[in-house]
There are 2 protein chains.
Amino acid sequence: MGITIKDVAKQAGVAASTVSRVISNNPRISEATKKRVRKAMKDLGYHPNIHARSLANKSTQAIGVVLPSSDKALQNPFFPEVLRGISGIAHEQDYSIYISTGITEEEIYEGVKRMVHGNRVDGVVLLYSRVNDRLHDYLIENNFPFVVIGKPYHQIDAITHIDNDNITAAKTITNYLIDLGHERIGFIGGDRDLVVTLDRMQGYHLALEEANLPVKEEYHIHEEFLKSGGQEAVHKLMSLTEPPTGVVIVDDLMAFGVITMLDEFGLKVPDDISIVSFNNIYLSQLTMPPLTTVDIHIYELGVQATKCLIEKVKNKLEPAKRIIVPYTIIERNSAVDKK
Amino acid sequence: MGITIKDVAKQAGVAASTVSRVISNNPRISEATKKRVRKAMKDLGYHPNIHARSLANKSTQAIGVVLPSSDKALQNPFFPEVLRGISGIAHEQDYSIYISTGITEEEIYEGVKRMVHGNRVDGVVLLYSRVNDRLHDYLIENNFPFVVIGKPYHQIDAITHIDNDNITAAKTITNYLIDLGHERIGFIGGDRDLVVTLDRMQGYHLALEEANLPVKEEYHIHEEFLKSGGQEAVHKLMSLTEPPTGVVIVDDLMAFGVITMLDEFGLKVPDDISIVSFNNIYLSQLTMPPLTTVDIHIYELGVQATKCLIEKVKNKLEPAKRIIVPYTIIERNSAVDKK
DNA sequence: GTGAAAGCGCTAACAC
DNA sequence: GTGTTAGCGCTTTCAC
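As annotated in an unreviewed UniProt entry, chain A carries the name LacI family transcriptional regulator and comes from Aquibacillus salsiterrae.

And the structure:
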C-alpha cells in the first residue's frame, strides 16, 4: 500500500533522486522536469514516507511537546491554550506535533528519552519549569534542541526560554490590591517546585515589603493548581482570627475554586474579600464576578516558544535566547476598595 | 549521536538480528542471550529508532488525533478532556500521539492525508462527526483504521464509533425542565453541521412533542459552540415577547456565555430563567450557579475510542463497533421550578 | 537458537 | 541538470 518515489520517477521518466530533488525544491532542477514530476506526483497521489525520509536525513519534521507530569494537566486551560499557539506556528511551518504525557515524573522523563534517542522529534518544548529539573540537564547533555516556557532554575543563560516577568507582574498586581486600601493580603500559590510559583511569590513579597506591610506566614498558602487544592487553601486561610481582606492567587482556575469555596462560607467576592489572579484564561470573564487578573498572553508564549525552537532546530548554533512576553493587568470585578 | 542495534550486537557478541529478536521478545532466543543483550542495551543506553523500525515493518507506534477545523477548538474543555482519555490509554499501550490541527476544513483534510499516506500513524481518531464528512469516505476508501467520537452521518454500520445516546439524553434533560413545570422551553444549539447538534435537537423535539408542547421556531437558536455565539443567541431569544422560561443548551461552555449575557440583561439564573446543558466539564460546578447538566463522560469517550482504535490497528479485520457511553444527569442549581 | 543478507523508501554524495 | 549508488537502522526471510 503505497506509491513510492520510484513509481513517481518511472511515471515521470526520471531517476528517483530527481524526484527527491523536486520535493526539496532543489534549484538545479529545470522548471520543465519539476513540472513533469509534480504532475506525476499528483496523478499518482504520492505522499512521501516520513520514516524513510527521517531515516535518510536524520530529521523528522516534528516537535515534541512536554506537559507536566500529572494525569490532569490538560484540565487547566493554560495548557490547551499554549498548545494552540504552538500548533499554529508548527502547522504554518509544516511541523507536526507529538505530545508526550505521563502521570509520574519518571514516566515523562522516559518519554522524553524515547523522543530524543528514538529520533522521534527534532526538538522539544517544555511547557513548565521545575526547580532542579533533570530534564533540562538531560537535554543539555545530549545537545538536543529545546526551549522552555517559564524560567529555568539553573543554567538560565544556556537555555532558551520564553517567560513573563512574573516577579514584576506579581508585584504590580499586589500593589493593585494595596492601592485599593488592602493591608491584610494573602497569597495562594501552586506547586512550590514550579519556578513560576516562586517568582510570583517573590513579587508579592516585594510589594508588601515596599509598602511596609507585614509578610505573615499564615497568609501564605501553597497547594496544587487545581480546584481541590484551592478549596483546601481557602479553608485554612479564612479560619484565621484576622483573615485577609484581599488575596493574590497564582492561577485563575484556582481562583474559581476559591470563589466557590468562599461562597460556601457565605463570603462574597468582591464584597467580603477581594481577589486577583493570573493567566486570564478565557473563562475569567465568564465567572461571577469576572476576575481581575494578569493576562500573561498564553497563546503568545506558545507562538514565541515554537518560533525559537524551530530556529534552533534549523541551526544548532543559534544562541540561547530569553524572550519576555509582556503582561497586561485586566481589571474586572473581583477586587474592590477595602471599605 | 546514536547507539544502534549494531553497537548493541557487538557489545553483546551477537548478530544484529538477534538483538532485534530480543527486542520483540522472540521466544526462540535463549534466556541467556536475552539477558546478555538486555544488559548491553542498558549499558549502552540504547533506544530503538522508530523511523527505521517503521520503515522496516510498516508500523509506527503512533495514533493520530484529529480536532475539528478551528483555531480554537482546544478552548472548549471537551477536547482536552477527550485527549486526556486518549493519551491515558495510548501511553499505557506504548503508543505515541500525533495531533493534527488546522483552521480550515481543507487543511485538516490535507493533514489527515499526510498522516495516512505518509505512514505517520497506524490509525486515527476523529474527535467529532460532521454531516457528510468526506474524511469518513476518504478513510474508508483507503481502508485505514479509524474510529470516530460521535455518530457518523452515513455508513454508520461500517464505522466504529463511540458516542452517547444524545437523542435520549436530550429528551431526558428536556423532560427534566418539563417536569419542573416549564412550558416555554428554548434550545440553543451549536454548529448545525455537527451530528451531535442534530441529535440533541431531535431529543429536545421529541420531549416537547410527547408533552404536547409546541415546538416554536423562534425558541430555537443555532450558533457556534463558543462564548460569543452563546451571547448572540441569548440576545435574540430574550427579545421575544414571550421569552422561554427554560432553555436547553448543547454545551456547558456556551451555557456560561449565556449566563453572563443574561446577567447583563438583569436576568438571573435560575430565578428568572432555568438552564440545563451538556458535557459536565469540570467548570460546570464552579460557576454561579453551578450547572445542571448531562455528564457525557468525556474522558471515557476518549478511553473507549482509543481501545477500539488500537484493536483495529492490530487486527484490520476487527469488525466495526458502536459503543454507547452512558450519560448521567447531574442536578445542580441552574434549573428550578417554574413559579 | 543464531547469523547473513536483502530490503523498507528516501536522501546525499559523487559522477558525468 | 540528472543519473547512480551507497547507506540511514531496523526487521525478516532463509540458511545452518
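Anyway, onward from the coordinates.
*Asks:* So what's going on with the protein's contact with DNA strand D? Residues and values would help.
*Replies:* As a structural note, the neighbourhood of DNA strand D is formed by 26 residues, with Ser-17, Thr-18 and Arg-21 of chain A together with Ile-5 and Tyr-46 of chain B the closest of them. Among atoms of DNA strand D positioned within 4 Å of the protein, sugar and phosphate together represent 62%. Within the side chain of Thr-33 of chain A, one N or O atom sits 2.8 Å away from a phosphate oxygen of DNA strand D. The backbone of Ile-5 of chain B places a nitrogen or oxygen atom 2.4 Å from a phosphate oxygen of DNA strand D. Listing elements by their share of the surface near DNA strand D, those giving two or more residues are α2 (16-23) and α4 (50-57) of chain A together with α2 (16-23) and α4 (50-57) of chain B. In terms of residue count, α4 of chain B provides more of the surface near DNA strand D than any other element does, 5 residues in total.

*Asks:* An account of the protein's contact with DNA strand C is requested, with residue identities and associated values reported.
*Replies:* Taken together, 26 residues lie near DNA strand C, and Ile-5, Ser-20 and Tyr-46 of chain A together with Thr-18 and Arg-21 of chain B sit nearest. Among all atoms of DNA strand C positioned within 4 Å of the protein, those belonging to sugar or phosphate total 65%. Between Ser-20 of chain A and DNA strand C, the recorded distance is 2.7 Å, taken from a side-chain N or O atom to a phosphate oxygen. Between DNA strand C and Arg-21 of chain A there is a distance of 2.9 Å, counted from a base nitrogen to a side-chain nitrogen or oxygen. Among the secondary structure elements, those contributing two or more residues to the surface near DNA strand C are α2 and α4 of chain A together with α2 and α4 of chain B. Taken together, the residues of the surface near DNA strand C break down into 11 nonpolar, 10 polar and 5 charged.

*Asks:* Explain the nonpolar core to me, and be specific about the residues and the numbers.
*Replies:* One finds Val-125 and Ile-275 of chain A together with Val-125 and Ile-275 of chain B to be the most contacted residues of the largest nonpolar core, which totals 148 residues. Once residues within four sequence positions are removed from consideration, Val-125 of chain A is found in contact with Ile-63, Gly-64, Val-65, Val-66, Ile-86, Val-147, Ile-149, Ala-305 and Leu-309 of chain A. Within the second largest apolar cluster, 42 residues are counted, among which are Ile-50 of chain A together with Val-116, Leu-126 and Val-148 of chain B.

*Asks:* Residue-level account of the pattern of salt bridges, with values.
*Replies:* Residue and element names in this part refer to chain B. By the definition in use, this model includes 28 salt bridges over all chains. Put simply, Lys-321 and Glu-311 hold a salt bridge, and the shortest N to O gap is 2.5 Å. In this pair, Lys-321 sits in the loop between α12 (298-314) and β11 (322-324) while Glu-311 sits in helix α12, placing the two residues 10 residues apart along the sequence. Residue class for Glu-311 comes out partly exposed when judged on its relative accessible area of 36%.

*Asks:* I'd love a proper account of the interface of chain A and chain B, names of residues and values included.
*Replies:* The interface of chain A with chain B comprises 51 residues on the first partner and 51 residues on the second. Together, the buried faces of chain A and chain B total about 5000 Å²; carbon and sulfur atoms form 61% of this surface. Per-residue buried area on chain A facing chain B is highest for His-51, Leu-286 and Met-288 of chain A; these three make up 14% of the total on that side. Counting across the interface, chain A meets chain B through 1 salt bridge. With a shortest N-O distance of 3.9 Å, Asp-94 of chain B and Arg-114 of chain A are connected by a salt bridge. At the surface where chain A touches chain B, the tally comes to 17 residue pairs in polar contact (both at pLDDT 80 or more).

*Asks:* Describe the sheet that holds strand β8 (residues 246-249) of chain B, and please don't skip the residues or the numbers.
*Replies:* Strand pairing in a sheet relies on backbone hydrogen bonds, with the paired strands running either antiparallel or parallel. All names here are of chain B. Spatial strand order, β7-β6-β8-β9-β10-β12: 6 strands in an open sheet with mixed pairing. This sheet does not close on itself; its edge strands, each paired only once, are β7 (220-222) and β12 (328-330). The mean inter-strand angle of the sheet, taken between neighbouring strand axes irrespective of direction, is 20°. As judged from the 4 bridges shared by strand β6 (residues 185-189) and β8, these two strands associate in the parallel manner. Paired with Ile-188 across the strands is Ile-249, a residue of β8. Docked against the sheet, helix α11 (residues 252-264) engages β6, β8, β9 (274-279) and β10 (292-295), running at close to 155° with respect to β9.

*Asks:* Kindly report on the relation of the copies chain A and chain B, identifying the contributing residues and their values.
*Replies:* Overlaying chain A on chain B yields an RMSD of 0.1 Å, the required transformation being a rotation through 180° with an accompanying axial translation of 0.0 Å. Here the two chains are linked by the operation of a two-fold rotation axis. When the interface residues of chain A are mapped onto chain B, 100% of them again lie at the interface, so the same face is used by both copies.

*Asks:* Can you lay out the domain arrangement of chain A for me, pointing to particular residues and giving the numbers?
*Replies:* Here chain A is described as being made up of domain 1 (5-48), domain 2 (62-164 + 298-327) and domain 3 (166-296). Summarising the inter-unit geometry, the C-alpha centres of domain 1 of chain A and domain 3 of chain A are found 61 Å apart.

*Asks:* Just give me the short version of the sheet that holds strand β11 (residues 322-324) of chain A, but keep the residues and values in it.
*Replies:* Taken together, 12 strands build an open sheet; the order of strands is β11(A)-β5(A)-β4(A)-β3(A)-β1(A)-β2(A)-β2(B)-β1(B)-β3(B)-β4(B)-β5(B)-β11(B) and the sheet is mixed. Only two strands of the sheet have a single partner each, and these edge strands are β11 of chain A together with β11 of chain B. Between one strand axis and the next, the sheet turns through 20° on average, direction left out of account. In this structure, strand β5 (residues 161-163) of chain B lies alongside β11 of chain B, joined through 3 bridges in parallel fashion. Paired with Ile-162 of chain B across the bridge in β11 of chain B is Ile-323 of chain B.

*Asks:* Pulling in residues and values, what's your account of the pairing of strand β1 (residues 62-66) of chain A?
*Replies:* Residue and element names in this part refer to chain A. Within β1, 5 of the 5 residues are buried, leaving the element largely enclosed by the surrounding structure. Burial along β1 is two-sided: Ala-62, Gly-64 and Val-66 facing one way and Ile-63 and Val-65 facing the other are all buried. Pairing analysis gives 5 bridges linking β1 to strand β2 (residues 96-100), with the strands arranged parallel. Bridging from a neighbouring strand, Val-65 pairs with Ile-99 of β2. Crossover connection from β1 via helix α5 (residues 78-92) to parallel β2: handedness right-handed. Bridge count for β1 against strand β3 (residues 123-126) is 4 bridges, and the pairing is parallel. Counted as the bridge partner of Ile-63 is Gly-123 from β3.

*Asks:* How would you sum up the environment of Leu-213 of chain B? Please name residues and give values.
*Replies:* Residue and element names in this part refer to chain B. Mapped onto the secondary structure, Leu-213 falls in the loop between α9 (195-210) and β7. For Leu-213, a relative accessible area of 15% puts it in the buried group. Residues Leu-213 and Thr-245, spaced 32 residues apart in sequence, show a C-alpha to C-alpha distance of 13 Å. For Leu-213, the residues in contact, after removing those within four places along its chain, are Ile-178, His-182, Glu-183 and Leu-208.

*Asks:* Account for the packing of aromatic side chains, naming residues and giving values.
*Replies:* In total, this model carries 7 aromatic pairs over all chains according to the counting rule given. Look at Tyr-98 of chain A and Tyr-98 of chain B: their rings are 4.8 Å apart centre to centre, the planes differ by 15°, and that puts the pair in the stacked class. You can see Tyr-98 of chain A sitting in strand β2 and its partner Tyr-98 of chain B sitting in strand β2 (residues 96-100), one on each of two chains. Comparing Tyr-98 of chain A with Tyr-98 of chain B, the two get one shared label, buried. Over the ring of Tyr-109 of chain A we find Arg-134 of chain A; its NZ or CZ atom is 3.8 Å from the centre of that ring.

*Asks:* Explain the UniProt feature "domain: HTH lacI-type" (unreviewed entry) in chain A residue by residue, including any values.
*Replies:* Following the UniProt record, one finds the feature "domain: HTH lacI-type" (unreviewed entry) at residues 3-57 of chain A. What you have in residues 3-57 of chain A is 69% helix and 0% strand, and the ends, taken at the C-alpha atoms, are 20 Å apart.

Here is what the cut-offs are and how they apply
- The written sequence of each chain sets the order in which its residues are numbered from 1.
- Working convention: letters from A go to chains and numbers from 1 go to ligands, in the order in which they are written.
- For this predicted model, a pLDDT threshold of at least 70 governs which residues receive local features, and a threshold of 80 or more governs which side-chain atom pairs are given and counted, while totals over whole chains, interfaces and linings are taken from all residues.
- Values reported for side chains reflect all heavy atoms of the structure, with hydrogen atoms and water molecules removed beforehand.
- Proximity is defined per residue: if any heavy atom of the residue lies within 4 Å of a molecule or strand, that residue is considered near it.
- Counted as a polar contact is a pair of N or O atoms within 3.5 Å, where, for protein atoms, one must be capable of donating a hydrogen and the other of accepting one, and residues adjacent in sequence contribute only when both atoms are in side chains.
- Labels follow the DSSP assignment, with helices taken as runs of H or I lasting at least four residues and strands as runs of E lasting at least two, numbered in each case from the N terminus.
- Put simply, Ala, Val, Leu, Ile, Met, Phe, Trp, Tyr, Cys and Pro go in the nonpolar bin, Asp, Glu, Lys and Arg in the charged bin, and everything else, Gly too, in the polar bin.
- Put simply, a nonpolar core is a bunch of buried Ala, Val, Leu, Ile, Met, Phe, Trp, Tyr and Cys residues held in one set by side-chain atoms that sit within 4.5 Å of each other.
- Only protein chains enter the calculation, and the probe is 1.4 Å; a residue is then buried if its accessible area is under 20% of its type maximum, exposed if over 50%, and partly exposed in between.
- When checking whether two residues touch, look at their non-hydrogen atoms; a contact exists if any pair is within 4.5 Å.
- Salt bridges are counted wherever a side-chain nitrogen of Lys or Arg sits within 4 Å of a carboxyl oxygen of Asp or Glu.
- Throughout, the accessible surface (probe 1.4 Å) given up by two parts as they are put together, summed over both, is called the buried area.
- We call two strands paired when DSSP finds no fewer than two bridges between them.
- Every axis corresponds to a line fitted to the C-alpha atoms, with the helix fit spanning only the stretch in contact, and the corresponding angles, defined between N-to-C directions, vary from 0 to 180 degrees.
- A least-squares superposition brings the copies together, and it is based on the C-alpha atoms of residues with pLDDT no lower than 70 in both.
- Domain extents, as shown, originate in an automatic or database domain assignment.
- Looking down the strands as they point away from the viewer, one classifies a crossover as right-handed if the path from the first strand across the helix to the second runs clockwise.
- Centres within 6.5 Å are what make two rings of Phe, Tyr or Trp a pair, Trp counting through its six-membered ring; a difference in plane orientation under 30 degrees is then read as stacked, over 60 as edge-to-face, and the rest as tilted.
- Criterion for a charge above a ring: Lys NZ or Arg CZ within 6 Å of the ring centre, and within 35 degrees of the ring normal.
- UniProt positions are given in the numbering used here, feature names are shortened, and annotations may be inferred rather than shown by experiment.

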